[in-house]
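# Structural overview
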Amino acid sequence: MNALPIIIGALCVIAIAYRYYSAFLAAKVLTLDDARPVPSVTMNDEHNYYPTNKWVLFGHHFAAISGAGPLIGPVLAAQFGFLPGLLWLVIGVTLGGAVHDFMILVASVRRNGKSLAEIARTEISPLSGLVAGIAILFIVVIALAGLGLVVVNALAESAWGTFTVGFTIPLALLMGLYMYRIRPGRIKEASAIGVVGLFIAVILGGRIAESSWAETFTFSRTTIILLMAAYGFIASVLPVWLLLCPRDYLSSYLKIGTIAFLIIGVVLVHPNLNMPAFTPFVAGGGPVIPGKVYPFVFITIACGAISGFHSLISSGTTPKMIAKETDTRMIGYGSMLMEGVVGVVALIAATSLFPGDYFAINTQQTTPAQQVRYAQMVETHTSEGFDLRPQEIDRLEAESGEKNLRGRTGGAVTLALGIAKIFDAIPGFSGLMKYWYHFAIMFEALFILTTIDTGTRVARFLVGEFGGRFYKKFDEPTWLPGSLITTALVVTAWAAFIWSGSISTIWPMFGIANQLLAAVALCVATTIVFNMNRARYAWTTLVPLAFVAVTTLTAGWFSIRDNFWPMAQRPETATQGFINTALTAILMTAAIIVLMDSARRWTSGGRRKGTSVDALPEQQFAPNV
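Keep in mind it's a predicted model, so treat the numbers as computed, not measured. (Residues numbered from 1 in each chain as written. Predicted model: local features only at pLDDT ≥ 70, side-chain atom pairs only at ≥ 80, totals over all residues. Heavy atoms only, no water.)

Turning our attention to the packing of helix α8 (residues 159-182) against helix α9 (residues 187-209). Where α8 contacts α9, the two axes come as close as 9 Å, and the packing angle between them is 160°. The angle between the axes of α8 and α9 places the two elements in the roughly antiparallel class. For the pair α8 and α9, the crossing hand works out as right-handed. Looking at the contact of α8 with α9 residue by residue, the class counts come to 18 nonpolar, 7 polar and 1 charged. (Axes fitted to C-alpha atoms, helices over the stretch in contact; angles between N-to-C directions. Helix = DSSP H or I, 4+ residues; strand = E, 2+ residues; numbered from the N terminus. Parallel < 35°, antiparallel > 145°, perpendicular 65-115°, else oblique. Left-handed = near helix turned anticlockwise from the far one by under 90°. Nonpolar A, V, L, I, M, F, W, Y, C, P; charged D, E, K, R; others polar.)

Now the structure itself:
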């Protein structure tokens, strides 16, 4: 299958969805109108609440939500073939993920930037708010630790990546000061400085990696963790306009620019997808994902289609910076569509590899026993049209400068090779495989790191809201002692997971937790639609809610029954098995409680006190979409 019709078809569907479906949601369901006051104006403190140019905020929001999910998830899901992941990415993002992000963003903007847990408390019930808050705090810390672990592994002992990523920090500070203090409002000038500086950083990074300066920028895993924790703390405490927003805006140029270049590369090179539409592993038994295509493809590809983590950003930093209500359409719905495009491109890059090379990279081959199992898999599943014998892995190792690509599981190496192969095939860019590969590794690390700084700030808000129930000052984002204490707690929590390595004991169930959080957010969105007296439009959130909830709860049950509980029965993996089983069961229970509580609200009639912010008479507004 050639990649050209796939990328063109996906882009057309996504463009149509933005033009028509998002306009329908904005005008009929949410009735967006710039006459409504927004918290960035009414509560402007020039620290957390600050009206921000929509293009800058789009960059911040896209950079914040685009973590490992749209890059790594589609790569791992390629085990099932290219078609299951492609369909879920395109359909899921247009009807599920973008709706999820858009609805929660508008809901938070209309409630002074309150978090998802607080909105659940006021819209559904105090019980749902409490349960959602506990689940969210757990999920966000684990998410940050998991994302951080990927960054640590990518940057440790990498002078090129460390220099380039580090250079973006002072560059972002300069952009922030330029846009908001030196030359206020001169977004284009600051953008030009940022793009030029970023280009210089990427070029210098490659030069430094091959010079005597390489040792200066080469850090151990321990040092990277400490540096990342320090950055997360500083970025969370400083005013959003000074570091966080301009850095994410700057990073978005590299992210969107690389993806755009990759799309152009796919169009020019139009590589063949060497992975078939469906592989024999759709029935289970694959080495990458232990389970059948349903339901596991839907929790493996999270952020590219729908992700609960996005609801934390949409009810965290972004709603506090929306300058006018109609900006939420481009930032909420549009950013998620862009992430869907990232997922499609990542899937194309991964499936352009030969099946034998893909599975050689993504199958553990460290111990003799693992090597025997790999050899048996190759012999058992090799058939006409699905050859699991490596085809060009030796050439890829030589041209990428990597000593050994076999058994490099996790998806990052696979994606980097797929990207490098496409770039290297573009006329005039051949012979640079080594540079393309290491650029892709750096790109992945920078892509993920921008989620950590925003995620830390969002978690700080969540801890502050929770602490405010015991001491009111903690609920004030501008109270400096509270900011320092809550940020320190969050950073210490996710850094400790990375430091100890214990994140590996619960990472396998994070995909389930993430999608369950999406179901909770869709419960909140659906309840808001009912509370707005627009029950006739409730299908816009009920349909994705039903699918995500049923699919993820099914995946959770299968994971406990077939993966986690059997691990608990073996002495060498008992601890990990018990932890995974208990935490997955707890999160499933929390999601079921919110689902049942929400259903009670939908069928009971009436409206909870305090929800009238969305229920103003429709004729008062002239929707601008």
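On to the nonpolar core. Core analysis: the biggest nonpolar cluster contains 193 residues, and Tyr333, Phe359 and Trp494 have the highest contact counts within it. Broken down by element, this core gets its largest block of residues, 17 residues, from helix α19 (residues 433-467). (Core = buried A, V, L, I, M, F, W, Y, C linked by side-chain atoms within 4.5 Å. Buried < 20%, exposed > 50% of the residue type's maximum accessible area, 1.4 Å probe, protein only.)

A separate point is helix α3 (residues 54-65). The terminal C-alpha atoms of α3 lie 16 Å apart, and with 12 residues this matches the ideal 16 Å at 1.5 Å per residue to within 8%. Taking burial as the measure, the 12 residues of α3 include 10 buried ones, the bulk of the element. Burial in α3 covers these residues: Val56, Leu57, Phe58, Gly59, His60, His61, Phe62, Ala63, Ala64 and Ile65. (Expected span 1.5 Å × (residues − 1).)

This part takes up the pattern of salt bridges. Counted according to the given criterion, the structure contains 14 salt bridges. Here Glu123 and Arg111 are joined by a salt bridge, their closest N and O atoms 2.8 Å apart. Here Arg111 lies in the loop between α5 (82-109) and α6 (116-123) and Glu123 lies in helix α6, a separation of 12 residues in the sequence. Note that Glu392 is salt-bridged to Lys421, the shortest N-O span being 2.5 Å. Remark: Lys421 occurs in helix α18 (residues 412-425) and Glu392 occurs in the loop between α16 (368-381) and α17 (393-400); sequence separation between them is 29 residues. (Salt bridge = Lys/Arg side-chain N within 4 Å of Asp/Glu carboxyl O.)

Looking at the secondary structure, you find Pro271 in the loop between α11 (244-269) and α12 (293-300). Pro271 gets classed as buried once you look at its relative accessible area, which sits at 12%. Here the alpha-carbon distance between Pro271 and Ile422, two residues 151 residues apart in the chain, equals 7.5 Å. Beyond its immediate chain neighbours, meaning those up to four positions away, Pro271 contacts Met1, Asn2, Ala3, Val266, Ser352 and Ile422. (Contact = heavy atoms within 4.5 Å.)

Let's shift gears to the layout of surface pockets. In this model, the second largest pocket occupies a volume close to 530 Å³. Considering the residues around the second largest pocket, the lining is formed by 19 residues, among which Phe199, Val202, Ile203, Trp436 and Phe439 are closest to the centre. For the lining of the second largest pocket, the elements supplying multiple residues, two or more each, are α9, α11 and α19. Per-element tally for the lining of the second largest pocket: the top contributor is α9, with 7 residues. Of the residues belonging to the lining of the second largest pocket, the class tally is 14 nonpolar, 3 polar and 2 charged. (1 Å grid on protein atoms, 1.4 Å probe; cavity = no way out; pocket = protein on both sides within 12 Å on 5 of 7 lines; lining within 4 Å. Points joined across faces, edges and corners; volume = space filled by probe spheres on them.)

Let us now look at empty space enclosed by the protein. Counted according to the given criterion, the structure contains 4 cavities of 30 Å³ or more. The computed volume of the largest cavity comes to approximately 120 Å³. Taken together, Ser115, Ala117, Glu118, Gly129, Leu130, Gly133, Ile134, Leu137, Leu462, Glu465, Phe466 and Arg469 make up the lining of the largest cavity. Elements with a contribution of two residues or more to the lining of the largest cavity: α6, α7 (126-155) and α19. It is α7 that contributes the most residues to the lining of the largest cavity, 5 residues altogether. In the lining of the largest cavity, the residues fall into 6 nonpolar, 3 polar and 3 charged. Roughly 70 Å³ of internal volume is contained in the second largest cavity. Along its surface, the second largest cavity is lined by Val131, Ala132, Ala135, Ile136, Ile139, Ala513, Leu516, Leu517, Val520, Leu587, Ala590 and Ala591.

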